[in-house]
Amino acid sequence: MENDTNSGNTYHKIKTFDQKNWVSENLNYKKDSGSRAWILHRISGIALVAYLFLHIYSISPLTQGEVAFNNKMQTYSSPFFMVVEWFLFAFVLFHALNGIRIVIVDWADGAKYHKQLYRLSWVFGVILFLAMGAIMFAHELKNLF
Amino acid sequence: MYKYKASKDTGSKSWILQRITGLALVVLMIGHYILMHFQPESGHTYAAVLARMQFSWYRIIDLTFITLGMYHGLNGIWNIFRDYKLKQWAKISILSALIILGLAFTAWGYSVIFSIPYINSISGN
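A.B. asks: Describe the overall build of chain A, naming the residues involved and giving the relevant values.
C.D. replies: Helices and strands together make up the secondary structure of chain A, namely 6 helices and 0 strands. If you list the helices and strands of chain A from N to C, you get α-α-α-α-α-α. The proportion of buried residues among the 145 residues of chain A is 29%. Roughly 10200 Å² of accessible area belongs to chain A as shown, and the carbon and sulfur atoms make up 67% of that amount.

A.B. asks: How would you explain the nonpolar core if you had to name every residue and give the values?
C.D. replies: Soluble, globular proteins show a tendency: their nonpolar side chains are buried together. Ranked by size, the top nonpolar core spans 13 residues in total, and within it A:V49, A:F53, A:I56, B:M70, B:L74, B:L98 and B:F105 carry the most contacts. Among the elements of the structure, α2 (33-59) of chain A together with α4 (56-82) and α5 (88-115) of chain B are those that each provide at least two residues to this core. Top element by residues in this core is α4(B). It accounts for 6 residues. Excluding anything up to four places from it in sequence, A:F53 contacts B:M70, B:L74, B:L101 and B:F105. Ranked by size, the runner-up nonpolar core spans 12 residues in total, among them A:F89, A:V92, A:L93 and B:Y33.

A.B. asks: Hey, could you go over the confidence of the model for chain B for me, with residue numbers and the actual values?
C.D. replies: Do not read the fine detail of predicted coordinates wherever pLDDT is low. Predicted confidence across chain B gives a mean pLDDT of 83, with 83% of residues reaching 70 or more. Per-element confidence in chain B ranges from a low mean pLDDT of 66 for helix α2 (residues 40-44) of chain B to a high of 91 for α5(B).

A.B. asks: How would you summarise the interface of chain A and chain B if you had to cite specific residues and measurements?
C.D. replies: At the junction of the two partners, chain A supplies 33 residues and chain B supplies 34 residues. When chain A packs against chain B, the two sides together hide about 2800 Å² of surface, and 78% of this comes from carbon and sulfur. For chain A, the biggest contributors to the area lost against chain B are A:F53, A:I56 and A:W107; these three give 22% of the whole. In this structure, the connection of chain A to chain B is made through 2 salt bridges. Where A:R42 meets B:D83, a salt bridge forms, and the shortest distance between an N and an O atom there is 2.6 Å. Taken together, the elements giving at least two residues each to the side of chain A that touches chain B come down to α2, α3 (66-76), α4 (79-107) and α5 (114-136) of chain A. Per-element tally for the side of chain A that touches chain B: the top contributor is α4(A), with 11 residues. For the side of chain A that touches chain B, the per-class residue count stands at 22 nonpolar, 7 polar and 4 charged.

A.B. asks: Account for the packing of aromatic side chains, with residues named and values stated.
C.D. replies: Going through the model one piece at a time under the given rule, you end up with 12 aromatic pairs over all chains. Among the aromatic side chains, those forming a connected cluster through ring pairs are A:F53, A:Y57, B:F105 and B:W108.

The rules behind each value
- Residues numbered from 1 in each chain as written.
- Chains lettered and ligands numbered in written order.
- Predicted model: local features only at pLDDT ≥ 70, side-chain atom pairs only at ≥ 80, totals over all residues.
- Heavy atoms only, no water.
- Helix = DSSP H or I, 4+ residues; strand = E, 2+ residues; numbered from the N terminus.
- Buried < 20%, exposed > 50% of the residue type's maximum accessible area, 1.4 Å probe, protein only.
- Areas by Shrake-Rupley, 256 points an atom, 1.4 Å probe, with all protein chains shown as cover.
- Core = buried A, V, L, I, M, F, W, Y, C linked by side-chain atoms within 4.5 Å.
- Contact = heavy atoms within 4.5 Å.
- pLDDT = per-residue confidence, 0-100.
- Buried area = accessible area lost by both parts, 1.4 Å probe.
- Salt bridge = Lys/Arg side-chain N within 4 Å of Asp/Glu carboxyl O.
- Nonpolar A, V, L, I, M, F, W, Y, C, P; charged D, E, K, R; others polar.
- Phe/Tyr/Trp six-rings, centres within 6.5 Å; stacked < 30°, edge-to-face > 60°.

Structure representation (structure tokens):
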């Protein structure tokens, strides 16, 4: 009992497999900013790779000359695609800002303040996202007001 | 004897390249967004693309962008797969699929850029 405060005594806390909630208690990642950043970085990364393939496909009509390309671009300039592009920018923003955070954590002792960096990247991200929306939809916004 | 059969490559090169390419992509992406969205016409008309592509520097930047983006993206996907314990055959087939897909789409992007003609302004067009 006198060893209870020592670090070597954690074995008692490990649950066994037949416990009902073992998976959710032991195999779930702690829902903290670090793991949220990790999973969001992955999701946005996968989405951006998918978009990169799509992007090469979407600009390939450049080889078919001016008319074909301009026609394709006309469809991509529709409001629907613009909103999609806007949300694509959200993915780019998160991945870029969190990527900078990762580099700071790796190379600039950022592990000490990675949570603050995570919050800061969200602040910058939301500001830039809204700013991009204002730039992209400047014409539509002018018509609204 | 404990002898590792795995590769001696610890992944440190891939790790550092992922950071370097990532930082480069952030810089390139800022330029890309300013060019494409600050003036929407500049990214969405053939004439604007053609005019831009008269400067070889733009072509070089675009080729770099495709290459770095493809490397960074597919290396990232591969890193996700590496987090899971995969059978050897699965590793080999996933990695080769990613490499083939990456090379094919990079080549496609390159060919699109190279297909844009240089207009000879001296001949009086």
